[in-house]
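What the coordinates show
In case you want the letters, here they are:
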Amino acid sequence: MSSTIPSGRQFILKSGNQQVVVTEVGAGLRTFTVGAAPVIDGYAEHEMCDVCRGALLLPWPNRIEDGSYEFDGRRHQTPLTEPARQNALHGLTRWSNWALQGSGPDWVRLELILHPQEGYPFSLALEVEYRLAANGLTVRTSGTNIGEGPLPYGTGHHPYFTVGGLIDEAQLKLPALLRLEANDRLIPTGRSQKVRGTEYDFLELRQIGKLQMDTAFASVVPDTDGRIRSVLQSARGERQVTMWMEPPYAYLMVFTGDAIPQRHRRRQSIAIEPMTCAPNAFRTGDGLRRLKPGESLTTSWGIEAKL
């Protein structure tokens, strides 16, 4: 009997010299390469997804403090999936088998019905489409309330970007004016700080250096076309990766990988995570969407690489 692949069925997308692999488990982004060069720091076919590499985050990104929140006067308790910090982390769909809705040589569309459960007693239809073209990858995610009452909703994605070597030498641009202060559990305190002139000021492309981040940013600044672009570039500028997102994405989480369990993989890449809401939004309401019955929210982000 042959062994199964930990992340389930693999969907391979190709366009020119670009290749993307999307997984059945979690509908995640396992790899993205241009020629032989990796754009994201993914994981091998025989490996289980670790540290949320390329994970789709639904129906909330980041953390819920104590896994507990109140919605419309009712208290809910979700599983504590980050037990060391006593938080519920990155939603409920990362280990689910998503169903194939359609595919082609350069695209795939997957869907999942998230049925009511303890901690999230709501009915949610989810869909994600990955589409690869000459100008890169576009990821479109939709959530639709198929229940009889309103529900809380947020989404995000967790790609780790690489331009080769340690990120210390790489240059970063983040179009965000504010940093959200957080406590030792990485829960926002409710205070924010302007980044201008601080060590978190990446409004212009500059070297990351030794700075450690597991940090949320807000007040993002779009370009003239409405897209919000973050850029990672190699020290000499020969490799560049751009992560773009469109509203209602309005927050960025940046993780420099210092806490990754495998020491040899630390600071080899940087997670730049598009999010529609802030960490702990299920408790604070910061960016949280309230979907009425029949209401949908569709979000788009993508990756462009020059290698």
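All of the points below concern the structure found in this document. (Residues numbered from 1 in each chain as written. Predicted model: local features only at pLDDT ≥ 70, side-chain atom pairs only at ≥ 80, totals over all residues. Heavy atoms only, no water.)

1. Some thoughts on the pairing of strand β24 (residues 251–255)
The line we're drawing: Whether a residue is buried, partly exposed or exposed follows from its accessible area with a 1.4 Å probe, protein chains only, as a fraction of its type maximum: under 20%, in between, or over 50%, in that order. Only runs of H or I of at least four residues qualify as helices and only runs of E of at least two qualify as strands under DSSP, and these elements are numbered from the N terminus. Strand pairing is assigned whenever DSSP detects at least two bridges linking the two strands.
Here β24 lies mainly inside the structure; five of its five residues are buried. Judged by which residues are buried, β24 turns out to be covered on both faces: Tyr251, Met253 and Phe255 on one side and Leu252 and Val254 on the other are all buried. Examined bridge by bridge, β24 and strand β25 (residues 270–275) share five bridges and lie antiparallel to one another. Its bridge partner lying in β25, Met253 is registered against Glu273.

2. Points about the pairing of strand β23 (residues 240–245)
Successive side chains on a regular strand alternate, one facing one side of the sheet and the next facing the other. Of all six residues that make up β23, six are buried, and the element is covered over most of its length. On β23, burial covers both faces: Gln240, Thr242 and Trp244 on one face and Val241, Met243 and Met245 on the other are all buried. Direction of pairing for strand β22 (residues 228–233) relative to β23: antiparallel, over a ladder of six bridges. Residue pairing in the sheet places Ile228 in a bridge with Met245 of β23. Judged from the six bridges that link them, β23 and strand β27 (residues 296–306) form a sheet pairing that is antiparallel. Following the sheet pairing, Trp244 is matched in β27 by Gly302.

3. Looking at the sheet that holds strand β13 (residues 136–145)
On the basis of which strands lie adjacent, the open sheet formed by nine strands has the order β10-β11-β12-β13-β27-β23-β22-β17-β20 and antiparallel pairing. On the outer flanks of this sheet lie β10 (99–104) and β20 (206–207), each paired with one strand and no other. Judged from the three bridges that link them, strand β17 (residues 171–173) and β22 form a sheet pairing that is antiparallel. Pairing of Leu172 across the sheet is with Leu232, part of β22.

4. Comments concerning unusual backbone geometry
Following Leu58, the chain continues into Pro59 via a peptide bond in cis, with omega recorded as -5°. Structurally, Pro59 is set in the loop between β5 (55–57) and β6 (63–65). Unusually for a residue other than glycine, Cys52 sits at a positive phi of about 60°. Counting through the fold element by element, Cys52 comes out in the loop between β4 (37–38) and β5. Given a relative accessible area of 8%, Cys52 falls into the buried group. One non-glycine residue, Asn62, lies in positive phi territory at about 65°. Looking at the element boundaries, Asn62 is found in the loop between β5 and β6.

5. Concerning the environment of Phe71
Spelled out, the test is: Here, two residues are considered to be in contact whenever any of their heavy atoms come within 4.5 Å of each other.
Within the fold, Phe71 resides in strand β7 (residues 68–71). A sequence separation of 198 residues divides Phe71 from Ser269, and the C-alpha atoms of the two residues are 37 Å apart. Look past the residues within four positions of Phe71 in its chain and what remains in contact with it is His76, Phe122, Pro150, Leu151, Pro152 and Arg290.

Honestly, it's all geometry; don't read function into it.
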